[in-house]
Amino acid sequence: MTIALALSIPVAIAQRDEIIATLFGVVLFTLLVEGLTMKWLLQRLNLLGDQPLRQHFLEILARQVALGRVLERLQTLQQRPGISLEFYRYQIDLVEAQLRNLQSESQKLLHEEPELQAFAVEKLSQEIQAIESDTYAEFVRLGLLKQELSPLLAEVLREAN
């Protein structure tokens, strides 16, 4: 908005170019200084909370789920023609090793940051509710249901708490 106002200054004003150049400099300086220092400042003032920790934990969980699915798929494909069982065994070993690393990392985080336990439970609850909703939507797409059902797990989990 500042730049738009500066550009709207009439050409008849003698110092128009100096005003525009100064304002461009101020805007650029403000964007660079504030943009590059804001995260650092928020971390120093402890205003970010545990959001980066939660994001890191979610990334670990997502990788565990993904690698678990890869492992299941590898174990069911072991009879594909043209691929040796040794290759499957090697791939399975690699995925299992990565899974063990991720599990130990998540356990370490849970041990160091106990508040992540409640966060993990909350995310699991969201995940199973999403699976339930996706299943109902699939039944509707297949024509087995006329309308999507309201989620049952959300009510059950709410009553359990």
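Calculation notes
Residues numbered from 1 in each chain as written. Predicted model: local features only at pLDDT ≥ 70, side-chain atom pairs only at ≥ 80, totals over all residues. Heavy atoms only, no water. pLDDT = per-residue confidence, 0-100. Helix = DSSP H or I, 4+ residues; strand = E, 2+ residues; numbered from the N terminus. Buried < 20%, exposed > 50% of the residue type's maximum accessible area, 1.4 Å probe, protein only. Polar contact = N/O pair within 3.5 Å; in protein donor to acceptor, adjacent residues only side chain to side chain. Salt bridge = Lys/Arg side-chain N within 4 Å of Asp/Glu carboxyl O.

Novice: An account of the confidence of the model for the chain is needed here, citing residue identities and associated values.
Specialist: Averaged over all residues, the pLDDT of the chain is 85; the fraction at 70 or higher stands at 97%. No element of the chain has a lower mean pLDDT than helix 6 (residues 153-160), at 72, and none a higher one than helix 4 (residues 85-112), at 92.

Novice: Can you lay out the side chain of Ser125 for me, pointing to particular residues and giving the numbers?
Specialist: The residue Ser125 is located in helix 5 (residues 116-141) in this model. Taking the relative accessible area as the measure of exposure, Ser125 reaches 19% and is therefore buried. At a separation of 3.0 Å, a polar atom in the side chain of Ser125 contacts the side chain of Gln129.

Novice: Account for the pattern of salt bridges, naming residues and giving values.
Specialist: According to the stated counting rule, one finds two salt bridges in the structure shown. Residues Arg89 and Asp93 are paired through a salt bridge, measuring 3.0 Å at the closest nitrogen-oxygen approach. Residue Arg89 and its partner Asp93 are both found in helix 4; the two are separated by four residues, about one turn of the helix. The class of Arg89 is partly exposed, set by a relative accessible area of 41%. With its nearest N and O atoms 3.5 Å apart, the salt bridge here joins Glu96 to Arg89. According to the relative accessible area criterion, Glu96 is partly exposed, its value standing at 24%.

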